[in-house]
Every structure is written in structure tokens, then in C-alpha cells.
Amino acid sequence: MKKEWSFVLGLLGILLQPFLLTESSLTKQNALKKNSQLDQQSFPPVQILRLDDDYVVVDNGIFNITFSVPGGMVTGIQYNGIDNLLENGNKDDNRGYWDIVWNKPEEKGIFDKLHATNFKVIMEDENQVELSFTRTWDSLNSKQLSMNIDKRFIILRGISGFYCYGILERLEGWPDIDVYQGRIVFKLKEKLFQYMAISDERQRIMPTAHDRAVGQRLDYSEAVLLTNPNNSFIKGEVDDKYQYSCENKDNRVHGWISPTPRTGFWMITPTDEFRTGGPVKQDLTSHTGPVNLNMFFSTHYAGEVLGLKFRNGEPWKKVFGPVFVYMNSLSPDEPDTLTLWTDAKEQMFVETENWPYNFPLSEDYARADQRGIVSGRLLVRDRYVSQSLMIANSAFIGLAAPGNVGSWQLENKAYQFWTQTDSEGYFLIKNVIPGNYSLYAWVPGLIGDYMYDPYIIVTPGSRKRVETLIYDAPRNGPTLWEIGIPDRTAAEFFIPDAQPKLLNQLYVVHNQERYRQYGLWDRYTEIYPDDDLVFTIGLSNYQTDWFFAHLNRYFYNNDGNKTYAPTTWQVLFDLEDVDQSSNYTLQLALASAHEAELQVRFNDPEIDAPHYSTGLIGKDNAIARHGIHGIYRLYTINVPGSLLGFGTNIMYLKQSRGDRPFRGIMYDYIRLEGPSDESD
């Protein structure tokens, strides 16, 4: 690719986004029109071509795809005159594959690409081919992942892409294992695919693997400063795959564009019901390689608590997918290459509209007529805000495995089904797989989590309407002061500009997500070189004066090495009246924590024992991975009035684990409540 073309495409991606790339109703209408106009019979039939004992090809006249037999690796995709969209230079099992990271308890992790041992044609006719690549656990091989694996691929007539899904299964009595990651990976041809798109705003020219190899490694291996890239326009930028992470609820389509010939390769996920951790769990998408991923589960932005731990012979089975790998192209005379992204979004709406699909043939996959519906209404009660019940507008509400309040965040083995309430608090959760669930919710603007006590039992075809639900928002007394917005993120706080020599230009242009810039953990020390943050209630502004993360301060020791130390923030607040015989309440909501301990003291920073400590918490690593949140935590802390005084008071917040750069927390929201008015 010429540098001039790279620059023009990157510039067009910036200038035209506001006009061409918005998720408008017109885009959705085009998608539905596109769906309705498809006439499969006008396309060539699907056929299987057996090359030899080692490979099988499926061709539908639009593209053909080659699989290794019996391993089930995607070794080649021919499309739009390109001999292989995947990187020919890679080995057969390093082009298109599934993988799982697992280990036996207390042992090192194993990277397993799930090589199958059996191949079967599930269906073959002129309209559909479905292939199955399976591996059954051999109890005599103790080093093998104790799961049965069934990798499925579906190619349909007239469809420019293929569907992937898999069934993972453990039978009762099988050995204990820990499983930390499961995904599908496609490694594309590097000389072709150099432009990546994740959303309307997040798309850009990308560096090559060689650019990273000759660049300067930064604080960890994933982050590289591009010192001598082939494309001079990205010289001096940082490349880090975690800068392109996305929340489950927004991770619907992402992929790559080749300029010559103009071709797109996209991963489309029509639902996140099979992903773990709920709708706001974050994970990887696409990144330098060029690599296109579908992350089904991982510990990213959560830690080992989200690993699948199987103990005492626990049985388990789950279907992941289908997800759709979509390919599109433009003729040379069509003017706008970025139309490929617009078309991919339209196809995403088609796939979402068609979910659940009616063509997968595994008996473990639940079709539309085998699923149920749950509906209802959610209201909020907070007598210190309103004497009447309030509407839970845009609340997140979902079904997940039975558990405790908020346990859906850490749930990782079952399915989850989420929606948001409308302007009147009503909700409709569709396409629920039969099972036994708890109903969970949280309301933006309010702290805490809601859980409906009775289990929700969904059966095939059932329509369950629950009673009007009332969420009693956590509250012990009237608000004396507050910092932030209870939205489970630190996005509203002060996020500094990145160091000029460590920029990713994407987040200079798309400034709303500047928290994804590299190295912000060291900006705290640069802004507060000597004294820590002091926030005065009534004078300070949390948008400009409250740093987005409570980080450690660095200094250089006598050997010239960078060393880190704990920091203590102060919140100054005035009280005109104090009832020292009553209890006050500190509502402390955290958006993220990584190997941290938050200690709270009132009016005396020197006392040995803090008035409250969270203890060691968190492993989500959101600070290093450019996230604005990880696992949400709420602490309701009793504050005896005897700790407070008339006039100015000081609350000291100390993150005491200070020896590493990424140890720290992000606050979501802090509120001090006065004593309860029992007469109210």
C-alpha cells in the first residue's frame, strides 16, 4: 500500500465519520431491505470438494473455504479474486482456529488450539453445508483438556460469509481444571489488510507486525512505541491491543479493510448471551497482526475470579455462537472504500434481526420456538429523593444464573440475557434459553444492584410476566455531599492528556475515549509531583479536580530506577451541625480495583488502624489495559458521629499497596449521608 493512500484513507476516516458512519435509522432500514431482497436460488449451490485426506473445501460460488481434516483449522479463504484472505506464511493451525487457555489447579497454563480428531458432514445440500470437527476427551491422556469439543461451521447458499459455533462439554466426574480464555482467531494476510474498524469512531490505519518488532517495547510486551514503521504517518505512536477493547453490549461488528482489491473481513456477533460477565464486561476485538477475534470468555478486565473453575466432577455444557464471519467487496469504480464498513454494519443489523438462527443443526442449540420471554416493570424507591416511586429509566435488567445480588458480574458458566428498560420502566427480555434464572438489575444514576428474590423459570415457548419490581436504592440518610456520577465508570472524572511522545492519534481525534491512551498512570505524578490530590466539597469540580484513577506516585531511587509509593487523597468538607451520638454513612462505589487496598480515615491521617479498609481487592488490571472500569464494588461504611466535628472535616483516602505502577483503584461515586430521620 502506498503511504499516500494510507494517509488519504485515514483522513477520510476522520472527516467522513460524522456524515457516513452513524448508526442511523436509515442504516437499519437499509439492512432490513438488504435482508428481504436476498434470493438464495439465484446463487450457485453450495458444494463440498474433498481435496485429499487432509483438506476439505466448501464452495458457494461467492467464496470458498478450506478446512484441515480432521483438525478443523481454517487454512484458506478465497474471495474477490484473492487466493487466500488468511496469512499463507503461517502454519495451517495458525490462520483460523479456536483456542482455549486452561490448566490443572496449581499448575501452569496450557494454550490449546483444540485440534479435532474426527470430521463429519452434518448436512450437505444445495442450500446449506454444516461441518463438525470433534474431539472426545480420552481419560487415559491426563495431559489433555478434559472437555468434549465440537467445532461447527455453516456455509449457506448466497451468503457472503460463514457461521462458526462450538459446543464445549464436561461429563460428571471429570478431573478438576481451570479455564481462563476461549475464543476464535483469524489471522489475515498482512500485505492486504491494513485498515481496522471497531466502531464509527474507532478506526484507523494500523501498523504491521514488523513495525512492532522493530519498535520500542514499553512497560509491558503488548505496548510498543512505533519508532520506524513502514507508514511514516504513524511514526511515534503507541500500539497496544488493549486500546481496542470493547464492552460486550457494544461488540457487534469489527474487522479489517484491504484497499486493493477493496475487500472487508468482519466478525459479527448477533448476541452476547453466550459471553461471560454481563453486558459491560470488556474484551479484545481486533488488533495488529492483522488479527480478528471473537472472545467468548476471558479474565480480561476482571481477573481470575472470572475464570471457569470446575471442581468435584462438575458437569457442564454450553453452546458458543453462532457468530458470523462476513466478507464484502467494492468494484474499482465505487468511490468510497469506507462503504465497506457501512455495509458491514448493515449486515450486523441483518444478523441481529435474524437471531436466533433457524439453521444450526446441533440439538444443543436452542431455536426460537424453544425459547421464552420475560417481561415486567422496574420502579425505584428512595425516600430521600422522592416520596413517590420513581421510574427506572434505561435501567439494565437481565437474567443470569441464580446467585447473590450483583453476582452476574462474576458469572461465567451459564447464559445471560440483558435488555434496558424504556422511558416508563418496562422491559422485555426475549429469546431466553430454558432454565432457572435470577433476575438482576442496576439503574444508571443510582448505586448498588437489584435482585428479584424468586427464581425465574423459563420453559420452551413460555411468556413470563413478573410483578412490578421495586428497587430500594441503598440509602441510610440524606445526602450531605457527593462526588461523581453513579454510572459504574470513572469516565466523568478528570482524564489527562497523554504524554505527547506516547500518543495514539485515534484517541486524540476521538477525545471522548482518551482514557485509552497509553501511560496515563504516570501522569498523576507529573500533575501532582509533591503533594497529593485535595478535593474541597463546594469548591472543587470532580470533572476537573478529581483524577480518574487513584494511582501510586513514582520517583527514582539512588540506582536511577523508577520506584512507586502509596498516595493519600483528601476530601475536605464542612459540617454546620454534627450529631456525635448518631451514625453517618459513607457510600463508596468503586469502578475498578487492581491489587489495591483502600483505607479510609477521618480527621486523623496518622492513626495506625484505619476507620475502614477494603482489604486487598481486585485483579482487573483496567489501569494498564486502558479501561475506565472493571468489576463494580459498593461499600456501605458506617461512620460514627464521634469521628466528625463542627466546621471543616477531612476524609483521607489512602491506596496503601504502592509498590507497582498498575496497583490502584478507580472511583465511581462517593456520598456522605447524614443520620437517618426515623420520623420520616
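Residues numbered from 1 in each chain as written. Predicted model: local features only at pLDDT ≥ 70, side-chain atom pairs only at ≥ 80, totals over all residues. Heavy atoms only, no water.

A.B. asks: Hey, could you run me through the overall build of the protein in this one?
C.D. replies: Within the protein, the secondary structure is distributed over 8 helices and 44 strands. Relative to a compact globule of 680 residues, whose C-alpha radius of gyration would be 26 Å, the protein shows 27 Å and is just as compact. Taking the principal axes of the C-alpha coordinates as reference, the protein spans close to 85 × 60 × 55 Å. Split into buried and exposed, the 680 residues of the protein put 58% on the buried side. Nonlocal contacts in the protein, meaning residues at least 24 apart in sequence, comprise 70% of its contacts between residues at least 6 apart. For the protein, the accessible area works out to roughly 27,700 Å², and carbon and sulfur atoms hold 48% of it. (Helix = DSSP H or I, 4+ residues; strand = E, 2+ residues; numbered from the N terminus. Rg over C-alpha atoms; globule rule 2.2 N^0.38 Å. Buried < 20%, exposed > 50% of the residue type's maximum accessible area, 1.4 Å probe, protein only. Contact = heavy atoms within 4.5 Å. Areas by Shrake-Rupley, 256 points an atom, 1.4 Å probe, with all protein chains shown as cover.)

A.B. asks: I'm lost on the sheet that holds strand E28 (residues 417-420) in this one. Help?
C.D. replies: The strands that make up a sheet pair up through hydrogen bonds in the backbone, lying either parallel or antiparallel. As summarised here, the arrangement of the 4 strands in space is E28-E27-E30-E31, forming an open sheet in which the pairing is antiparallel. Lying at the two open borders of the sheet, with one neighbouring strand each, are E28 and strand E31 (450-458). Sheet twist, expressed as the average angle between the axes of neighbouring strands with direction ignored, equals 20°. Sheet topology places strand E30 (residues 435-442) next to E31; 6 bridges connect them, and they run antiparallel. Within E31, the residue paired with Tyr-440 across the bridge is Met-451. (Pairing = 2+ DSSP bridges. Axes fitted to C-alpha atoms, helices over the stretch in contact; angles between N-to-C directions.)

A.B. asks: For this particular structure, what's the right way to read the environment of Tyr-97?
C.D. replies: With respect to the helices and strands, Tyr-97 occurs in strand E5 (residues 96-103). Spatially, the C-alpha atoms of Tyr-97 and Gly-72 are 7.7 Å apart, while their sequence positions differ by 25 residues. If we ignore the near neighbours within four places in the chain, the residues touching Tyr-97 are Met-73, Phe-111, Lys-113, Arg-183, Ile-184, Val-185 and Lys-187. In terms of polar contacts, Tyr-97 uses its side chain to reach the side chain of Lys-187, at 3.5 Å. (Polar contact = N/O pair within 3.5 Å; in protein donor to acceptor, adjacent residues only side chain to side chain.)

A.B. asks: Teacher, can you tell me more about a negative patch on the surface here?
C.D. replies: Taken together, the side chains of Asp-574, Glu-576, Asp-577 and Asp-579 present a region of like negative charge at the surface. Classification of Asp-577 by relative accessible area gives exposed; the value is 61%. (Patch = residues over 30% accessible without salt bridge, like charges linked within 9 Å, V, L, I, M, F, W, Y side chains within 5 Å. Salt bridge = Lys/Arg side-chain N within 4 Å of Asp/Glu carboxyl O. Lys, Arg positive; Asp, Glu negative; His and termini not counted. Charge placed at Lys NZ, Arg CZ, Asp CG, Glu CD.)

A.B. asks: For this particular structure, what's the right way to read the pairing of strand E9 (residues 148-156)?
C.D. replies: Within a regular beta strand, the side chains point alternately toward one face of the sheet and then the other, so they alternate between its two faces. In terms of burial, E9 is a largely internal element, 9 of the 9 residues being buried. By the alternation rule, side chains of E9 split into Asn-148, Asp-150, Arg-152, Ile-154 and Leu-156 and Ile-149, Lys-151, Phe-153 and Ile-155, which are all buried. As judged from the 8 bridges shared by strand E8 (residues 128-135) and E9, these two strands associate in the antiparallel manner. Across the sheet, Thr-134 pairs through a bridge with Asp-150, a residue of E9. Here 8 bridges tie E9 to strand E10 (residues 161-170), and the two strands are oriented antiparallel to one another. Paired with Lys-151 across the two strands is Gly-166, which belongs to E10. Hairpin connection between E9 and E10: a loop of 4 residues separates the two successive antiparallel strands, and Gly-158 in this loop has a positive phi of roughly 75°.

A.B. asks: How should I be thinking about helix H5 (residues 339-353) in this particular structure?
C.D. replies: Residues spaced three or four apart along an α-helix face the same direction, because each turn holds 3.6 residues. Between its terminal C-alpha atoms H5 stretches 21 Å, which fits the 21 Å expected from 15 residues at 1.5 Å a residue. Counting buried positions along H5 gives 12 out of 15 residues, so the element sits mostly inside the fold. Buried residues of H5: Leu-340, Trp-341, Thr-342, Asp-343, Ala-344, Lys-345, Glu-346, Gln-347, Met-348, Phe-349, Val-350 and Glu-351, and no others. (Expected span 1.5 Å × (residues − 1).)

A.B. asks: Any chance you could explain the confidence of the model for the protein here in plain terms?
C.D. replies: Atomic detail in the predicted coordinates should be set aside for any region of low pLDDT. Averaged over every residue, the pLDDT of the protein is 93; residues scoring 70 or more account for 94%. Across residues 1-24, where pLDDT falls below 50, the model places 45 contacts with residues more than four positions away in sequence or in other chains. (pLDDT = per-residue confidence, 0-100.)

A.B. asks: Sorry, what's going on with the pattern of salt bridges here?
C.D. replies: It is possible for side chains bearing opposite charge to pair when their charged atoms get close. Following the criterion strictly, the structure yields 34 salt bridges and no others. Notably, a salt bridge pairs Glu-597 with Arg-657, separated by 3.0 Å at the nearest N-O pair. With Glu-597 in the loop between strand E38 (583-596) and strand E39 (598-602) and Arg-657 in the loop between strand E43 (647-655) and strand E44 (664-673), this pair connects stretches of sequence that are 60 residues apart. Taking relative accessible area as the criterion, Glu-597 reaches 12% and is therefore assigned buried. Across the pair Asp-659 and Arg-663 runs a salt bridge whose closest N-O atoms are separated by 2.7 Å. Residue classification places Arg-663 among the buried residues on the basis of a relative accessible area of 15%. One continuous salt-bridge network, built from bridges that share partners, spans Glu-595, Lys-619, Asp-659, Arg-660 and Arg-663.

A.B. asks: Where do I start with the environment of Ala-344 in this structure?
C.D. replies: Tracing the backbone through its elements, the reader meets Ala-344 in helix H5. On a C-alpha basis, the gap between Ala-344 and Met-327 in space is 8.3 Å, while along the polypeptide they are 17 residues apart. When near neighbours in sequence (up to four residues on either side) are disregarded, Ala-344 contacts Val-253, Trp-266, Ile-268, Tyr-326 and Asn-328.

A.B. asks: Looking at this model, I keep getting lost on the UniProt feature "domain: Rhamnogalacturonan lyase" (unreviewed entry) in the protein. Mind explaining?
C.D. replies: Using the residue numbers shown here, the UniProt feature "domain: Rhamnogalacturonan lyase" (unreviewed entry) corresponds to residues 393-464 and 479-672. For residues 393-464, the helix share is 0%, the strand share is 49%, and the end-to-end C-alpha distance is 21 Å. With 7% helix and 39% strand, the stretch residues 479-672 has end C-alpha atoms that lie 6 Å from each other. (UniProt positions renumbered as here; feature names shortened; annotations may be inferred.)

A.B. asks: Where do I start with the packing of aromatic side chains in this structure?
C.D. replies: Applying the stated criterion to the full structure yields 50 aromatic pairs. A centroid spacing of 4.8 Å and a plane angle of 50° characterise the contact between Phe-67 and Phe-153, whose relative ring orientation is tilted. Of this pair, Phe-67 sits in strand E3 (residues 63-68) while Phe-153 sits in strand E9, and the two are 86 residues apart along the sequence. Given the relative accessible area of 0%, Phe-67 is considered buried. Relative to Tyr-365, the ring of Trp-355 lies with its centre 6.0 Å away and its plane at 80°, an arrangement referred to as edge-to-face. Of this pair, Trp-355 sits in the loop between H5 and strand E25 (372-381) while Tyr-365 sits in the loop between H5 and E25, and the two are 10 residues apart along the sequence. Looking at Trp-355, the relative accessible area reads 9%, which means it is buried. A cation over a ring is seen here: Lys-318 above Tyr-415, with NZ or CZ 5.4 Å from the ring centre. Across the ring face of Tyr-632, the terminal group of Arg-488 is positioned such that the distance to the ring centre comes to 3.9 Å. (Phe/Tyr/Trp six-rings, centres within 6.5 Å; stacked < 30°, edge-to-face > 60°. Lys NZ or Arg CZ within 6 Å of the ring centre and 35° of its normal.)

A.B. asks: What is the right way to read the environment of Glu-595 from this model?
C.D. replies: Topologically, Glu-595 is positioned in strand E38. A C-alpha to C-alpha distance of 17 Å links Glu-595 and Leu-634, two positions 39 residues apart in sequence. Setting aside chain neighbours within four positions, we find Glu-595 in contact with Leu-616, Ile-617, Gly-618, Lys-619, Arg-657, Arg-660 and Arg-663. Looking at Glu-595, its side chain comes within polar contact range of the side chain of Arg-660, at 3.3 Å. A polar side-chain atom of Glu-595 sits 3.1 Å from a polar atom in the side chain of Arg-663.

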